[in-house]
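Residue-level structure breakdown
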Amino acid sequence: MKTITVKFPSITAQEIYKKSKNKVGDDKLLWNIDWYKDEDFFTKEETRKGKREIVLEIQHLGRSWNECNSLKGSSEMLNFAEVTYLAWKYPEFRKLLEYKYTWTSSRASDGRLVDFGSSDADGAYVHGWTPGSVNGYLGVAFSRSLDSLNSESGNFDLENRVKNLEKDMEKIRKFLVF
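One structure accompanies this document, and this report is about it. (Residues numbered from 1 in each chain as written. Predicted model: local features only at pLDDT ≥ 70, side-chain atom pairs only at ≥ 80, totals over all residues. Heavy atoms only, no water.)

1. A closer look at the overall build of the protein
- When you go through the protein residue by residue, the secondary structure sums to six helices and ten strands.
- Residues classed as buried in the protein amount to 40% of the 178 residues present.
- When contacts within the protein are restricted to residue pairs at least 6 apart in sequence, long-range pairs at least 24 apart make up 75% of them.
- About 10,200 Å² of surface is accessible on the protein, with carbon and sulfur atoms providing 50% of the total. (Helix = DSSP H or I, 4+ residues; strand = E, 2+ residues; numbered from the N terminus. Buried < 20%, exposed > 50% of the residue type's maximum accessible area, 1.4 Å probe, protein only. Contact = heavy atoms within 4.5 Å. Areas by Shrake-Rupley, 256 points an atom, 1.4 Å probe, with all protein chains shown as cover.)

Written as structure tokens, this is what we have:
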């Protein structure tokens, strides 16, 4: 399975939209944004800053968000800002979404889950679906954080994980003391 490593800045989809002037080369980045231009997933939700490994494949086509979420294992769904960033900066990711859509972890204010896809010269389409919705061209692009990995050796940074666990255990101990 082909992957790319991306170092995400902390940026919203709205900031990407403005910075890119809604362009990817000669094409539009996003089609009509009218329904979501004031939604938090567009205006406030940011990419998760840091290094992530992105799978260059739309997996589990024809599965609901609930099913895709249960199949993710140690991977994570991308949020709307991350998918927008990838479609803007990584042509190979945008190409994945020419005839397909990916679920995101983002929600609209009415509770619907946001998807992104069908990217063409007119821009990518964005919809909201219920978690149980199914469509044959709708799947998921997964990612995983690489920030917990030691970049030189490729090994997990066990020392920091142990420190964080010790801090969490201390909080639990304080809570359990009557």
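From this point, the narrative continues.
2. Quick word on the side chain of S64
- Counting through the fold element by element, S64 comes out in the loop between strand 4 (50–55) and helix 3 (65–70).
- Residues in contact with S64, not counting those within four places in the same chain, are W103, P131, G132, S133 and V134.

3. Concerning the sheet that holds strand 5 (residues 76–77)
- Taken in spatial order, the four strands make up an open sheet running 1-4-10-5, and their pairing is antiparallel. A single partner strand is all that each edge strand has here, and the edge strands are strand 1 (3–8) and strand 5.
- The sheet contact formed by strand 1 and strand 4 spans six bridges and is antiparallel. Across the sheet, F8 pairs through a bridge with G50, a residue of strand 4.
- Along the sheet, helix 4 (residues 80–89) makes contact with strand 1, strand 4 and strand 5, crossing strand 1 at roughly 110 degrees. (Pairing = 2+ DSSP bridges. Axes fitted to C-alpha atoms, helices over the stretch in contact; angles between N-to-C directions.)

4. Quick look at the pairing of strand 7 (residues 113–117)
- Buried residues dominate strand 7, accounting for five of its five residues.
- Burial along strand 7 is two-sided: the residues L113, D115 and G117 and V114 and F116 are all buried.
- Across four bridges, strand 6 (residues 101–107) lies against strand 7 in antiparallel orientation. Note that in strand 7 the partner of Y101 across the bridge is G117.
- Connecting strand 6 to the next strand, strand 7, in antiparallel fashion are five residues, including G111 with a positive phi near 95 degrees.

5. Examining the sheet that holds strand 8 (residues 125–129)
- One open sheet holds the four strands; their spatial order is 8-7-6-9, and the pairing between them is mixed. The open sheet has two edge strands with one neighbour each: strand 8 and strand 9 (138–140). When the angles between neighbouring strand axes are averaged without regard to direction, this sheet yields 40 degrees.

6. Describing the environment of R48
- On the secondary structure map, R48 appears in the loop between helix 2 (40–43) and strand 4.
- Residue classification places R48 among the partly exposed positions, given a relative accessible area of 28%.
- Along the backbone, R48 and A81 are 33 residues apart, and their C-alpha atoms lie at a distance of 8.8 Å.
- Apart from residues lying up to four places away in sequence, R48 is in contact with F8, E76, M77, L78, N79, E82 and S143.
- Within the structure, R48 has its side chain in polar contact with the side chain of E76 (distance 3.3 Å).
- Here the side chain of R48 touches M77 through a polar contact of 3.0 Å, landing on its backbone oxygen. (Polar contact = N/O pair within 3.5 Å; in protein donor to acceptor, adjacent residues only side chain to side chain.)

7. Let's talk about the environment of E76
- Looking at the secondary structure, you find E76 in strand 5.
- Judged by its relative accessible area of 29%, E76 falls in the partly exposed class.
- With residues near it in sequence (within four places) discarded, E76 still touches R48, R52, A141, F142, S143 and S145.

8. A word on the pairing of strand 10 (residues 142–145)
- Bridging between strand 4 and strand 10 involves three bridges; their strand directions are antiparallel. Within strand 10, the residue paired with I54 across the bridge is S143.
- Bridging between strand 5 and strand 10 involves two bridges; their strand directions are antiparallel. Bridging across to strand 10, M77 finds its partner in F142.

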